[in-house]
Structure formats: C-alpha cells, structure tokens
Amino acid sequence: MIVACKHCDKLINVGQLGLQQRAICPVCHAHLLNCKSEQQQWLNAFSIASLLFLFSSLYPPFISFSQRGLSQQMSLWDAVILLSEKYSTALALMFIFTILIMPLVVCFLVLITNSTLWSRLNPHNARWIAKALSYIMPLNLADIFLVAVLVSTFKLMSYAELSMGYGFWAYVLFVFCFVELLTLIDASTLWQRQQKQFEPKPLLCGQSALSQSLKQCGVCGQLTSQSHCPRCYAKTFFRKPHTTSRAFAWMLTSLVLMVPANMLPIMNTINLGQNTFATIFSGIVIMWQDGSYPIAIIIFVASICIPLFKAGALFYLLFEAQMCKNPKRASQLYRWLEWMGKWSMIDVFVVIILVSLVQLGSVLTVEPQIGIVFFATMVLCQMMAVHSFDPRILWDKLKTNE
Ligand SMILES: [Zn+2]
Ligand SMILES: [Zn+2]
C-alpha cells in the first residue's frame, strides 16, 4: 500500500506489515502505520474497561482530607457540582468535559467503529465520526489530571491527613485502560474497514504528493487530485488552509493572555480568616521555600518554561518553513510540541482539586481566582496554534531548492 506521510508529504510504499510491526517514514521518522494482533478485540476490551472504571470512579469518595478534627470528602461528581454552584461555570464545564464527556465520547465512537454498523455506514456519516474522534483525541487530559492529583496530595500532605478512596483507585485503572486505548486507535486501519483505499495511478514513491498534484484527505488519508475525497467525500486541500497565519494568530493570542495569566492570582487560601492570594510564580516560590523541590520544579517547568518554549518553538517553525534549512529537525520539534502541549494544564487541575477538596469554612478554604481562567485559555490557544500548523510546509521549499 502506498501512503503519503502526514508530516513530510512524501509517498512511501509500506508493503504488507507483519503482526506487531509499525512503519516509520524514512524521510522524517514520523509514524505511518501499525499492525497489532487482534487490534479490534483489544480496542473493544479497553473501551469497555475504560467506561466501567470511569463510571465507578465518579460517585465513591476520591480523596478525603482532615485537619484539626474537621474533615472533608470529595468525589469527582461533588467537585463538578461545587465548582459550578460556588465558583465558575466555565471552570466546571472545562473540568467535566475533560474528565467525563471526552473519554465517554471516545469510548462510544471506538465501539461504533468496531461494530458491524461501521462498514455499513454511509461514508458521509462515517466521516463525521472519524472527524470527531480525531478532534477529541488530542484533548485527552485524563493522565494529566492524575499527575495533578499526585501534585495536590504532596502539597496538602504537610498540613493535613489525606487518604485515597475507591474513586481514586478506579480512576487510576481508568487512566491505564484509556491511555492504552488511545495508542491503539489508528485512523488508517479504521478507514480500511469502512472502505478500502485505492491508488490513483501512476504514483512516484519518494516524491511528495504535492509535486504529483495529489492532495491527501485530512480525514481518511486517501490520495486524490479532486476537490472532494472520493472515499469519504471530505473537502480536500494541498495544505491546511491559511496554516501560517492561523498558527501565528493563535500563538500571538496566547502570548497576550500569558500576561494576565501570570500577573493575576490563580487562587486564594483563607487560613483562619486570613487571605493569601497566589500567582503561578509565587505558588512555586512558596513550595520551594517549604522544601517541596520536585513539585516546585514540575510546576515551574509545566506552567512557565513549557508555554514560553512552545511560543518560541512555533515562531522558529514558522521561520524555518520560509528558510527550510533543516526540515528534519523542525519536524522532530513539531512532534515534540504536539506531545507536550497538554502538560501545562497540570496547574489548572491542581487548583480545581484544591478548591474542591479544601472547604473547611474559615479554618481553611481555597478559592479559585480569575488568573486560572486566563491560564487555561492561554494553554488552549497554544494547543490550537500547534494544531493549525501544517508540518508539511516545512518540506515544501526544500523541493524547489533542490
Ligand atoms: Zn515523513
Ligand atoms: Zn477522505
């Protein structure tokens, strides 16, 4: 089978893959295809297990917290209700979307694509399912939430007694199943089961699809010269439309939001009637002074270094797309940006967990502040910037230089 690499646009003849083999692009080293044994059964098993563990983590106690004889218990569902009733509906919606709705939708869509219904679906409808899956999957924050739970427990351990409930352990099992499920989902094998890929003849392997006036369908990967994909009927483009200007605009917006996100307080701790407002940076300084060095370093890297690095790296990629000096290195950098985008969300979840858990009236209460909403929006803008960047433009100028 001949496929076009999504990262460098070169046509590669993959041939027949053996079990447990995966194909890597020889030009840019991006992952092309994989072939896992009994993939469908594993997909079904992991999606059903994820759903079961997710539902069993919602209502039982997640963490309990006690200090000076007062105790507070939190389940994930309580946290959502508390956030929406007492503080911010936007924060509650973001929380419920990432920890509940997103995994639910992914599991159901995977079950549909694995059923006999999938091959009988009209390609128009199948396209919407595949599109939804590809948009939602990168927004998986379940594993980040788990890291945030661990960071919050370390933060609270010094001045309160904490214990993990059944909800927490069910959630840990859910994250393991769900992360495994996401690594198994493969858009091209999914479409092969819907409709077989066909090859427009003649094709020159090792050359880019663009040089042969071929467009790669953004949904199913089919190569075509037509304005609509003949396999899934999606509109086709040589490159993502307005990729540089859109990536630039999203990143510029994120840089503007970075100012209030870092200057405004993200939370307020009320300890015996006394208010202490903390910004991202002052929170890190307090943790460092308390001796929680590893946590302070994690938050510093995730909340301050990664967003700045991402902005610098994206501007470098936009520059590199014009100059085309080292497209291989630039492609690697892009894959890195794609992978680490969501890690900056740790601090947002830490604040959500602390707010939901630490509610002991005037003795000790944590309240969210507006800074955290700016921060979460800033991270989302950066993820959108990376998403709207088309890595194939990094290689386009190389062809004309040669
Ligand atoms: Zn490639
Ligand atoms: Zn298509």
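Everything numeric in this text was worked out from a predicted model, so none of it was measured.

**Observations concerning the nonpolar core**
Moving on, step 1. The biggest cluster of nonpolar side chains holds 101 residues, and the ones touching the most others in it are Leu314, Phe349, Val351, Ile352, Leu354 and Phe375.
Moving on, step 2. No other element matches helix H14 (residues 371-388), which puts twelve residues into this core.
Moving on, step 3. Split by domain, this core shows at least three residues from each of two domains, domain 1 (39-195 + 232-236) and domain 2 (241-402).
Moving on, step 4. Sequence-distant contacts of Ile352, defined by excluding residues within four places in its chain, comprise Ala79, Leu83, Leu91 and Phe95.
Moving on, step 5. Judged by nonpolar contacts, the second largest core, of nine residues, contains Leu190, Cys217, Cys220 and Cys232.

**Thoughts on helix H11 (residues 293-323)**
Moving on, step 1. The principal kink in H11, of about 40°, is found at Cys305, preceding the proline Pro307 by one to four residues.
Moving on, step 2. Of the positions making up H11, those classed as buried are Ile298, Ile299, Ala302, Ser303, Ile306, Pro307, Lys310, Ala313, Leu314, Leu317, Glu320 and Ala321.
Moving on, step 3. Looking at the residues trailing H11, positive phi occurs at Cys324, about 55°.

**Some thoughts on the domain arrangement of the protein**
Moving on, step 1. Considered domain by domain, the protein is made up of domain 1 (39-195 + 232-236) and domain 2 (241-402).
Moving on, step 2. A total of nine residues in the side of domain 1 that touches domain 2 trace back to one element, the largest contributor, which is helix H6 (residues 142-157).
Moving on, step 3. Counted by class, the side of domain 1 that touches domain 2 contains 20 nonpolar, five polar and three charged residues.

**Regarding the packing of helix H9 (residues 243-263) against H14**
Moving on, step 1. Following both chains from N to C, one finds H9 and H14 inclined at 165°, their axes separated by 8 Å at the closest point. By the criterion of interaxial angle, the relationship of H9 to H14 is roughly antiparallel. For the pair H9 and H14, the sense of crossing is left-handed. Within the contact between the two elements, H9 uses Thr243, Arg246, Ala247, Trp250, Met251, Thr253, Ser254, Leu257, Met258, Pro260 and Ala261 and H14 uses Gly371, Phe374, Phe375, Thr377, Met378, Cys381, Gln382, Met384, Ala385 and Ser388.

**Some thoughts on the UniProt feature "transmembrane region" (unreviewed entry) in the protein**
Moving on, step 1. As annotated by UniProt and renumbered to match this structure, "transmembrane region" (unreviewed entry) occupies residues 42-62, 90-112, 132-154, 166-185, 247-267, 295-319, 340-364 and 370-389.
Moving on, step 2. Between the first and last C-alpha atoms of residues 132-154 the distance is 36 Å; the span itself is 78% helix and 0% strand.
Moving on, step 3. Helix makes up 52% of residues 340-364 and strand 12%, whereas the separation of the span's terminal C-alpha atoms amounts to 34 Å.

**Overview of the sheet that holds strand E5 (residues 63-67)**
Moving on, step 1. One open sheet accounts for three strands, arranged E6-E5-E7; its pairing is antiparallel. Either end of the sheet is taken by a strand with one partner, and the two such strands are strand E6 (70-74) and strand E7 (161-164). Taking the axes of each pair of neighbouring strands and ignoring which way they run, one obtains an average angle of 15° across the sheet.
Moving on, step 2. Bridge analysis of E5 against E6 gives five bridges, and the strand direction is antiparallel. Across the sheet, the residue bridging to Ile63 is Met74, located in E6.

**A few points about the pairing of strand E13 (residues 364-368)**
Moving on, step 1. Of the two faces of E13, the one holding Leu364, Val366 and Pro368 is buried and the one holding Thr365 and Glu367 is not buried anywhere.
Moving on, step 2. One ladder, built from five bridges, connects strand E10 (residues 267-271) with E13; its direction is antiparallel. Within E13, the residue paired with Ile270 across the bridge is Thr365.
Moving on, step 3. The pairing of strand E12 (residues 359-360) with E13 spans two bridges and is classified as antiparallel. Bridge pairing in E13 links Leu360 to Leu364.
Moving on, step 4. Joining the antiparallel neighbours E12 and E13 is a turn of three residues, in which Gly361 adopts a positive phi near 60°.

Rules behind the numbers
Residues numbered from 1 in each chain as written. Chains lettered and ligands numbered in written order. Predicted model: local features only at pLDDT ≥ 70, side-chain atom pairs only at ≥ 80, totals over all residues. Core = buried A, V, L, I, M, F, W, Y, C linked by C-beta atoms within 7 Å. Buried ≥ 20, exposed ≤ 12 C-beta atoms within 10 Å, placed from the backbone. Helix = DSSP H or I, 4+ residues; strand = E, 2+ residues; numbered from the N terminus. Domains from an automatic or database assignment. Contact = placed C-beta atoms within 7 Å. Bend = angle between axes of the 7 residues up to and from the residue. Nonpolar A, V, L, I, M, F, W, Y, C, P; charged D, E, K, R; others polar. Axes fitted to C-alpha atoms, helices over the stretch in contact; angles between N-to-C directions. Parallel < 35°, antiparallel > 145°, perpendicular 65-115°, else oblique. Left-handed = near helix turned anticlockwise from the far one by under 90°. UniProt positions renumbered as here; feature names shortened; annotations may be inferred. Pairing = 2+ DSSP bridges.

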